[in-house]
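In case you want the letters, here they are:
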Amino acid sequence: MNRINAPRGTRDIVYPEITDWQMLEERIREFYSRFLYREIRTPIFEHSELFHRGIGDTTEVVQKEMYTFEDKAGRSLTLRPENTASVVRAAIENNLLDTAFPLRFFYIGPMFRYDKPQKGRFRQFHQFGIEVFREESPELDAEVVYAAHAFLEELGLHDISLEINSVGCDECRPAYLTVLRQEAQARQEELCPDCRRKVDTNPLRIFDCKQPGCRSVAVAFPTIANHLCPGCSDHFTGVQAGLDAYQVPYTVNERMVRGLDYYTRTAFEITSSRLGAQNAILGGGRYNRLIHDLGGPDIPGIGFAAGMERLLLHLEMPPAEKPALCFLACQSAEYRLHVMKLARMLWQAGYHAFVDYSHANLKKQFRRSDRMAADFTLVLGEEEVSSGQLTIKDMARQEQVRIPQQELLEWMNQRKK
RNA sequence: GUGAGUGUAGCUCAAGGGUAGAGUAUCGGUCUGUGGAACCGAAUGUUGGGGGUUCAAAUCCCCUCACUCACCCCA
């Protein structure tokens, strides 16, 4: 029979890598609960319309990268490519927006995008993120950015840099885009074919182009900084003051663009220099229209999402502390039932124990114990059973003792300290 | 979606038209109450898949699939 492999761009996470994931998830839960973020779990698929309306029809993600399918009743469903729209939908649907309690959510889970896989990019990948609704002060933006940056720092991530920008709002961005489009049109000849197309559709993206020609042209283009309305301008100033208060190191990048349409005002991104081409490890920003656009009240929101694969790619997790492991061997099969009684004692007391049910001789059982990196090997044989004792060998110290069987737990407890 | 590189034993890799190999891991033995070392031995492959050229293909040609990296896009 031919084998079936995991679909392209997906992968299995198995031991020992899985322990890194478990530790990371634990750290996320602990860290973000300090800020009163509460976990939320939303469905892995949603009505396709949620993402069309939320993320924006013209975005790359929606146009080319969604896993969309029809269910048996003919509904158009889509595997979530990101989670912000879902969290907003869930908050509205569950009437969570009426409470006086802070509206703060965090999530951890798989996302799906039909991309061509490469280093740090998968079709099923995992993100964690946070969302805050209803608070509009710039200082809150600063706290969210701090919560993003400080977490990575606490994880011991090096070689990361934080960039922020303001992308304006519905008041000032259209006017700026007009100016930018004019400028780009004037110098169209000097742009690559790709960018020439962007002049009409999304001129901001020209700033992203890596072609040296486009880059040198785009440097001269006007940035949004001078076109922000007073409201956005004050807000951005406030964000920066807040970041200084929280002592977050950042640089302002007036040319930073984000891929999702819903961002207003604050946008930020954390990249790593150790990651290859896919160097964005975290991205987010404010979205003051999204909740309203998805049928909710007219309240603002802000959040970010981080790529967990990319995080783990250059994160050195400390080796997990594993409790002592006892390997239970016996001289021959006739003592097996005795061994099982000892195993039961250990398990009930919370110890890790492995019973060798094979009929191998002791030498082989010891070898197996060694390969499994057991801390202790317990042996039961004729001598032990007839005297109610058992032999324990400390594998690392190469010392062994014989003790009464009923003293096993006592011995382990002392040994553990 | 575009491009480049790579697919041979569980893993890392040889063999570049003439019998598919090594290291490592696995299993057995030297060694039936004691692991890591050493020595001896065994097992394991539709050479990613399909087609073509040839007396003969892992090797040359075509197609396809997968992986890797880059473009693109983004977490």
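Asker: Pulling in residues and values, what's your account of the domain arrangement of chain A?
Answerer: The domain architecture assigned to chain A consists of domain 1 (17–172 + 228–313) and domain 2 (325–416). When each unit is reduced to the centre of its C-alpha atoms, the spacing between domain 1 and domain 2 is 51 Å.

Asker: Tell me about the sheet that holds strand β11 (residues 301–307), residues and numbers included.
Answerer: Strand order in the open sheet made by the eight strands is β1-β5-β6-β11-β10-β9-β7-β8, with mixed pairing throughout. Because the sheet does not close on itself, it has two edges, and the strands there are β1 (38–39) and β8 (251–252). Direction of pairing for strand β7 (residues 160–166) relative to β8: parallel, over a ladder of two bridges. For E163, the partnering residue across the bridge sits in β8 and is T251. On top of the sheet, helix α4 (residues 84–93) reaches β5 (103–112) and β6 (124–133); it is set at about 45° to β6, its chief contact. Where helix α9 (residues 230–245) meets the sheet, its contacts fall on β7, β8, β9 (264–272) and β10 (280–286), and the angle it forms with β7 comes to roughly 155°.

Asker: Give me the pairing of strand β15 (residues 389–394): which residues, what numbers.
Answerer: Across four bridges, strand β14 (residues 376–380) lies against β15 in antiparallel orientation. Counterpart to T377 in the pairing with β15 is K393. Direction of pairing for β15 relative to strand β16 (residues 399–404): antiparallel, over a ladder of six bridges. Within β16, the residue paired with D394 across the bridge is E399.

Asker: Give me the pairing of strand β12 (residues 325–330): which residues, what numbers.
Answerer: The buried count for β12 comes to six of six residues, which makes it a mostly enclosed element. Where β12 meets strand β13 (residues 352–355), four bridges bridge the pair, whose relative direction is parallel. Counted as the bridge partner of L328 is V355 from β13. Assessed by its sense of winding, the connection that carries the chain from β12 through helix α12 (residues 336–348) to β13 is right-handed.

Asker: With reference to specific residues and values, describe the packing of aromatic side chains.
Answerer: If you walk through the whole model with that rule in mind, you get 23 aromatic pairs. Ring geometry for Y32 against F35: centres 6.3 Å apart, planes inclined by 35°, an arrangement best described as tilted. The exposure classification of Y32 matches that of F35, with both residues buried. Taken together, F31, Y32, F35, Y37, F128, Y146, F151, Y246, F268 and F304 form an aromatic cluster joined through their ring pairs. A cation sits over an aromatic face here: R11 above F122, 5.6 Å from the ring centre. Between the NZ or CZ atom of R104 and the centre of the ring of Y37, over which it lies, the distance is 5.5 Å.

Asker: Please set out a positive patch on the surface residue by residue, giving values where relevant.
Answerer: A cluster of basic residues, K363, K364, R367 and R371, forms a positive patch at the surface. R371 gets classed as exposed once you look at its relative accessible area, which sits at 62%.

Asker: With reference to specific residues and values, describe the state of the cysteines.
Answerer: What the rule picks out here adds up to zero disulfides. In this structure C169 is a free cysteine whose sulfur lies 3.3 Å from that of C232, the closest cysteine sulfur available. On the basis of relative accessible area, C169 is assigned to the buried category, the value being 12%. Here C326 is not disulfide-linked; the sulfur of C330 is the nearest cysteine sulfur, at 15 Å.

Asker: Could you give me a rundown of the nonpolar core, with the residues and numbers involved?
Answerer: Counting 42 residues, the largest nonpolar core has Y32 and F128 as its most contacted members. With nine residues, helix α5 (residues 138–154) is the largest single contributor of residues to this core. When near neighbours in sequence (up to four residues on either side) are disregarded, Y32 contacts Y37, F106, F128, I130, A147, A148, F151 and F304. The next biggest cluster of nonpolar side chains, apart from the first, holds 31 residues, and it includes I55, V87, V88 and L260.

Reading guide: rules and limits
- Residues numbered from 1 in each chain as written.
- Chains lettered and ligands numbered in written order.
- Predicted model: local features only at pLDDT ≥ 70, side-chain atom pairs only at ≥ 80, totals over all residues.
- Heavy atoms only, no water.
- Domains from an automatic or database assignment.
- Pairing = 2+ DSSP bridges.
- Helix = DSSP H or I, 4+ residues; strand = E, 2+ residues; numbered from the N terminus.
- Contact = heavy atoms within 4.5 Å.
- Axes fitted to C-alpha atoms, helices over the stretch in contact; angles between N-to-C directions.
- Buried < 20%, exposed > 50% of the residue type's maximum accessible area, 1.4 Å probe, protein only.
- Right-handed = clockwise from strand over helix to strand, strands pointing away.
- Phe/Tyr/Trp six-rings, centres within 6.5 Å; stacked < 30°, edge-to-face > 60°.
- Lys NZ or Arg CZ within 6 Å of the ring centre and 35° of its normal.
- Patch = residues over 30% accessible without salt bridge, like charges linked within 9 Å, V, L, I, M, F, W, Y side chains within 5 Å.
- Areas by Shrake-Rupley, 256 points an atom, 1.4 Å probe, with all protein chains shown as cover.
- Salt bridge = Lys/Arg side-chain N within 4 Å of Asp/Glu carboxyl O.
- Lys, Arg positive; Asp, Glu negative; His and termini not counted.
- Charge placed at Lys NZ, Arg CZ, Asp CG, Glu CD.
- Disulfide = S-S within 2.5 Å.
- Core = buried A, V, L, I, M, F, W, Y, C linked by side-chain atoms within 4.5 Å.

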